[in-house]
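Topology and contacts: notes
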Amino acid sequence: MAIKASNNPKRVVVKDLMRDSTLWDEVKPRPTDIVIASCYKSGTTLMQQIVNLLVRGDDDFESIHHLSPWVELHLKPPEAETKLIESLPGPRFLKTHLPYDALPYYREWKYIYLVRDGRDVAVSLYNHCQNHISKGYKNAAFIDNGPEGFSDFWDEWLETGKPRWPFWENIKSWWSVRFLPNVILVHYADLINNKFQELEKIANFLNCPIDSQKKELISQRSSLEYMKKNWQKFEPPGVFQPQRFINKGRNGRWREKLTPEQLQRYETVISERLDSECANWVKNGGSLDNAL
């Protein structure tokens, strides 16, 4: 079934060492497509597995990254990725780390955006970068993984998003469209602390039937223990030290790492970059009304 042309009048182009937003122009849209988005380190792979279990009902696959490609990643041959995306059965669920205003927008699509407290994101991103070897990517030698010490890593990341891309701007772009009927924002803390409730919310958003038996199955097969045990399914091949992509999955580790001065700077930055309602939700999660 054909769908109307993309309607995102403020769409911007993002191009950096890892991402090229114009690669989304190669995706031939289908009305059942689902976009799973985050800035980074906010539960993207977890959500990919949850959506997979909701729409497909099993995890009989070799790699989630073949089943749910990161569309704008341009460190792999784009022709092969486009061919892979086109070959996927529907509903497709595609991954992105782009801000909303760099993506095509279709009324028929469903967009799930994941958010996590920046303090937890920074700790997870630091581990991610320390274990990033990138053998599976071209131009791997040019990827900056930031300072070796966490304190220096934190100070640079908080202000700029380096060694990846801006964190606050990414959140702001999605926060601004949270009331669209085909957009839902999900907080990582809620996803791990109130999993059954969040599973029901996501299932309803995607119009997927769910009962107690299916909730149990999804909860078990998207647990940290299950995903770590089956790490080959969820870790990008040749990109990280083995069994390091799925790491702790636990919030609050920043308490052991950040000084009082760094914590105060976080409060200052988040209040400057986000409005008060958004800043409070990023730090704490909780109920968020996604409907007008």
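Now for a quick tour of the structure. Computed from a predicted model, the values in this text were never measured in an experiment.

Strand pairs in the sheet, formed through backbone hydrogen bonds, run parallel or antiparallel to each other. The strand order 2-1-3-4 describes an open sheet built from 4 strands, whose pairing is parallel. Whereas interior strands pair on both sides, the edge strands pair on one side only; in this sheet they are strand 2 (93-96) and strand 4 (183-187). On average, adjacent strands in this sheet sit at an angle of 20° to one another, irrespective of strand direction. Bridge analysis of strand 1 (residues 34-38) against strand 3 (residues 110-115) gives 5 bridges, and the strand direction is parallel. In the strand pairing of strand 3, Ala-37 is matched with Tyr-113. Contacting strand 3 and strand 4, helix 8 (residues 195-205) crosses the sheet at an angle of about 165° to strand 4. Contacting strand 3 and strand 4, helix 13 (residues 276-284) runs over the sheet at an angle of about 50° to strand 4.

Look at helix 1 (residues 44-55) against helix 9 (residues 212-221): their axes get within 10 Å of each other, and the N-to-C directions meet at 150°. By the angle between their axes, helix 1 is roughly antiparallel relative to helix 9. Considering only the axes of helix 1 and helix 9, their crossing is right-handed. Contacts from Gln-49, Ile-50, Leu-53 and Leu-54 of helix 1 reach helix 9 at Lys-214, Ile-218 and Arg-221. Residues that form the contact of helix 1 with helix 9 fall into these classes: 4 nonpolar, 1 polar and 2 charged.

Among the nonpolar cores identified, the biggest contains 57 residues, and Trp-24, Trp-157 and Trp-174 are the most heavily contacted of them. At 6 residues, the largest contribution of residues to this core is made by helix 4 (residues 118-130). Filtering out sequence-adjacent residues up to four positions away, Trp-24 remains in contact with Arg-11, Val-35, Val-71, Glu-72, Leu-94, Lys-95, Thr-96, Leu-98, Leu-103, Pro-104 and Trp-109.

Turning to the pattern of salt bridges, a few remarks are in order. If you walk through the whole model with that rule in mind, you get 13 salt bridges. Here Arg-19 ties to Asp-16 by a salt bridge, and the two come within 2.8 Å at their closest N and O atoms. For Asp-16, a relative accessible area of 28% corresponds to the partly exposed category. Here Arg-56 and Asp-58 are joined by a salt bridge, their closest N and O atoms 3.7 Å apart. Residue class for Arg-56 comes out partly exposed when judged on its relative accessible area of 33%.

So, about the side chain of Ser-68. Here Ser-68 shows up in the loop between helix 2 (64-67) and helix 3 (78-87). For Ser-68, the side chain forms a polar contact with the main-chain oxygen of Phe-93, separated by 2.5 Å. Contacts of Ser-68, omitting those with residues within four sequence positions, involve Gln-48, Phe-93, Leu-94 and Lys-95.

Because an α-helix completes one turn every 3.6 residues, residues spaced three or four positions apart along the sequence face the same direction. Within the span of helix 8, buried status applies to Lys-195, Glu-198, Leu-199, Ile-202, Ala-203 and Phe-205. For helix 8, the angular spread of buried residues about the axis comes to 160°, placing them on one side. Where the residues of helix 8 are buried, they touch helix 1, strand 3, strand 4, helix 7 (188-193) and helix 9. Looking one or two residues past helix 8, Asn-207 carries a phi angle of roughly 60°, positive in sign.

End to end, helix 12 (residues 260-273) covers 20 Å across 14 residues, agreeing with the expected 20 Å (1.5 Å per residue, within 8%). Among all positions of helix 12, only Gln-262, Tyr-266, Val-269 and Ile-270 are buried. Projected onto a plane normal to the axis of helix 12, the buried residues spread over an arc of 95° and lie on a single side. Turned more than 90 degrees away from the buried face of helix 12, the exposed residues are Pro-260, Glu-261, Gln-264 and Glu-272.

The next thing to look at is the environment of Gln-49. By secondary structure assignment, the location of Gln-49 is in helix 1. Once the C-alpha coordinates of Gln-49 and Phe-234 are considered, the two residues, 185 residues apart in sequence, prove to be 8.6 Å apart. When residues no more than four places from it in sequence are discounted, the contact partners of Gln-49 are Asp-59, Phe-61, Ile-64, Arg-221, Ser-222, Tyr-226, Met-227 and Phe-234.

How each quantity is defined
- Residues numbered from 1 in each chain as written.
- Predicted model: local features only at pLDDT ≥ 70, side-chain atom pairs only at ≥ 80, totals over all residues.
- Heavy atoms only, no water.
- Pairing = 2+ DSSP bridges.
- Helix = DSSP H or I, 4+ residues; strand = E, 2+ residues; numbered from the N terminus.
- Axes fitted to C-alpha atoms, helices over the stretch in contact; angles between N-to-C directions.
- Contact = heavy atoms within 4.5 Å.
- Parallel < 35°, antiparallel > 145°, perpendicular 65-115°, else oblique.
- Left-handed = near helix turned anticlockwise from the far one by under 90°.
- Nonpolar A, V, L, I, M, F, W, Y, C, P; charged D, E, K, R; others polar.
- Core = buried A, V, L, I, M, F, W, Y, C linked by side-chain atoms within 4.5 Å.
- Buried < 20%, exposed > 50% of the residue type's maximum accessible area, 1.4 Å probe, protein only.
- Salt bridge = Lys/Arg side-chain N within 4 Å of Asp/Glu carboxyl O.
- Polar contact = N/O pair within 3.5 Å; in protein donor to acceptor, adjacent residues only side chain to side chain.
- Arc of directions from axis to C-beta.
- Expected span 1.5 Å × (residues − 1).

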